[in-house]
Amino acid sequence: MSFNDPWASCRDRGCVCGILRRFIEEGYSRYKIRKMLGGLSSVRLRKLLKECVLNAAKIPYINADSAYLLGMLLGDGMLYFEKRNNGSTEYRISWTQKHLNYLENSIVPRLERLMKRLKIKAKIKIYHSSGRYEVRVSSKRLYNYFIKLRSLLFTLFKIDWFALYFIRGFYDAEGRKSPNIARIYNSNLEILKLIGSFLY
C-alpha cells in the first residue's frame, strides 16, 4: 500500500483516521508510516494518531496525569462500586501505598489537576489502616472515566506518550529495581505482555 499524496483526496478527518488505522492494523512502524505519508513529521504524526484514537474511542480528554494515575490504579488501586440495601450507591476510586509522602506528593497533585480539568468536584480523602495509606475519591463521573480508560487500554497504548506515563505509574506501583535490572510484578498477564511488547 502506498500513497503519493494521501491528503489529495482525503481531507476529511474520518478518512485520514481510516488511513492511519489501516497502516497500524497492518503492523507498519511509525517511521514507515511517516515515509508513506509523504515525509510527515513525527510531531504531526503523533498529533494525528492521538486525535484519531481519541475520536474512535470517544474519550473526551487524556493527559500525562490520567495515564500515570491509570497505571498506578491498575497496579495498587481499586475501582469500587456498591449498591446498598437502602438504594443508595457509592462509586469509589482509591490508590494505596505504604508511604504517605508518595501519595501526597505524587498521586494527590495529579488527581487534583485531572479533576480540575474534567470539572469534577469531589473531596480527596486520605485514610490509614493496617500499615497502608489510601487516597480515596467518591465520584461517579471519575469512576466511569477510569472504567472507560481501562476498557480502552490496548487502544490507548498506540499513543506513545500515554503508554510511557502509564508504564511509569504501573512501575511505581508494582516495580522493583536492582542494580542491573528493573522488574514489574503483577498477576495480570495481559498488562505485563502489553508493557513488554511496547518496550521491546
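Rules used in this analysis
Residues numbered from 1 in each chain as written. Predicted model: local features only at pLDDT ≥ 70, side-chain atom pairs only at ≥ 80, totals over all residues. Heavy atoms only, no water. Core = buried A, V, L, I, M, F, W, Y, C linked by side-chain atoms within 4.5 Å. Buried < 20%, exposed > 50% of the residue type's maximum accessible area, 1.4 Å probe, protein only. Helix = DSSP H or I, 4+ residues; strand = E, 2+ residues; numbered from the N terminus. Contact = heavy atoms within 4.5 Å. Pairing = 2+ DSSP bridges. Axes fitted to C-alpha atoms, helices over the stretch in contact; angles between N-to-C directions. Polar contact = N/O pair within 3.5 Å; in protein donor to acceptor, adjacent residues only side chain to side chain. Parallel < 35°, antiparallel > 145°, perpendicular 65-115°, else oblique. Left-handed = near helix turned anticlockwise from the far one by under 90°. Phe/Tyr/Trp six-rings, centres within 6.5 Å; stacked < 30°, edge-to-face > 60°. Lys NZ or Arg CZ within 6 Å of the ring centre and 35° of its normal. Expected span 1.5 Å × (residues − 1). Nonpolar A, V, L, I, M, F, W, Y, C, P; charged D, E, K, R; others polar.

**Details of the nonpolar core**
With 42 residues, the main nonpolar core has Trp95, Ile107, Leu142, Phe146, Leu153, Phe162 and Phe166 as its most contacted residues. Elements that contribute at least two residues to this core include exactly helix H4 (64-76), strand E2 (89-97), helix H5 (100-117), strand E4 (132-138), helix H6 (140-151), helix H7 (153-156), helix H8 (160-174) and helix H9 (189-199). When residues no more than four places from it in sequence are discounted, the contact partners of Ile107 are Tyr68, Leu69, Met72, Trp95, Tyr102 and Val135. Core analysis: the second largest hydrophobic core is formed by 14 residues, Leu20, Tyr28, Leu37 and Leu49 among them.

**Quick look at the sheet that holds E2**
Pairing is antiparallel across the open sheet formed by four strands, whose spatial order is E1-E2-E4-E3. The strands lining the two open edges of the sheet, one partner per strand, are strand E1 (77-83) and strand E3 (124-129). With strand direction ignored, the average angle separating the axes of adjacent strands in the sheet is 25°. Note: E1 against E2, seven bridges, orientation antiparallel. Residue pairing across strands places Glu82 opposite Glu90, the latter belonging to E2.

**Looking at the side chain of Glu90**
For Glu90, the location among the structural elements is in strand E2. The class of Glu90 is buried, set by a relative accessible area of 11%. For Glu90, the side chain forms a polar contact with the side chain of Arg84, separated by 2.9 Å. Setting aside residues no more than four positions away along its own chain, Glu90 makes contact with Tyr80, Phe81, Glu82, Arg84 and Ser138.

**Digging into the packing of H8 against H9**
Relative to each other, H8 and H9 sit at 125°, their axes nearing to 11 Å. In terms of orientation, H8 lies oblique with respect to H9. Considering the relative orientation of H8 and H9, their crossing is left-handed. Seen from H8, the contacting residues are Asp160, Ala163, Leu164, Phe166, Ile167 and Phe170; seen from H9, they are Ile191, Leu192, Ile195, Phe198 and Leu199.

**Thoughts on the packing of aromatic side chains**
The relation between two aromatic rings is expressed through the spacing of the ring centres and the mutual angle of the planes. Tallied over the full model, the rule gives eight aromatic pairs. Ring geometry for Tyr145 and Phe146: centres 5.4 Å apart, planes at 80°, overall edge-to-face. The pair Tyr145 / Phe146 is uniform in exposure class, with both members buried. Summarising the aromatic geometry, the rings of Phe157 and Phe198 are spaced 5.9 Å apart at their centres and angled 85° between planes, so their arrangement reads as edge-to-face. Taken together, the residues Phe157 in the loop between H7 and H8 and Phe198 in helix H9 connect sequence positions 41 residues apart. A residue is classified by how much of its surface remains accessible, and Phe157, at 6% relative accessible area, is buried. Judged by relative accessible area, Phe198 falls into the partly exposed class, the value being 26%. Joined through ring pairs, the aromatic side chains of Phe157, Phe166, Phe170 and Phe198 make up one cluster. The ring of Tyr61 carries the charged tip of Arg117 above its face, separated from the ring centre by 4.0 Å. The positively charged end of Arg136 is found above the aromatic ring belonging to Tyr127, 4.1 Å away from the centroid.

**Some details on H4**
Compared with an ideal rise of 1.5 Å per residue, which puts 13 residues at 18 Å, H4 spans 18 Å between its outermost C-alpha atoms and is within 8% of the ideal. Counting buried residues in H4 gives 12 out of 13 residues, a clear majority hidden from the surface. Here H4 has its buried residues at Asp65, Ser66, Ala67, Tyr68, Leu69, Leu70, Gly71, Met72, Leu73, Leu74, Gly75 and Asp76. A distance of 3.1 Å separates the backbone nitrogen of Asp65 from a side-chain oxygen at the start of H4, and that oxygen is part of Asn63.

**A look at the packing of H4 against H5**
At a closest axis distance of 9 Å, the pairing of H4 and H5 adopts a crossing angle of 130°. It follows from the interaxial angle that H4 and H5 lie oblique. For the element pair H4 and H5, the recorded crossing hand is left-handed. For the pair H4 and H5, contact is made by Asp65, Ser66, Tyr68, Leu69 and Met72 and by Tyr102, Ser106, Ile107, Arg110, Leu111, Arg113 and Leu114, respectively. For the contact of H4 with H5, a count of residues per class yields seven nonpolar, two polar and three charged.

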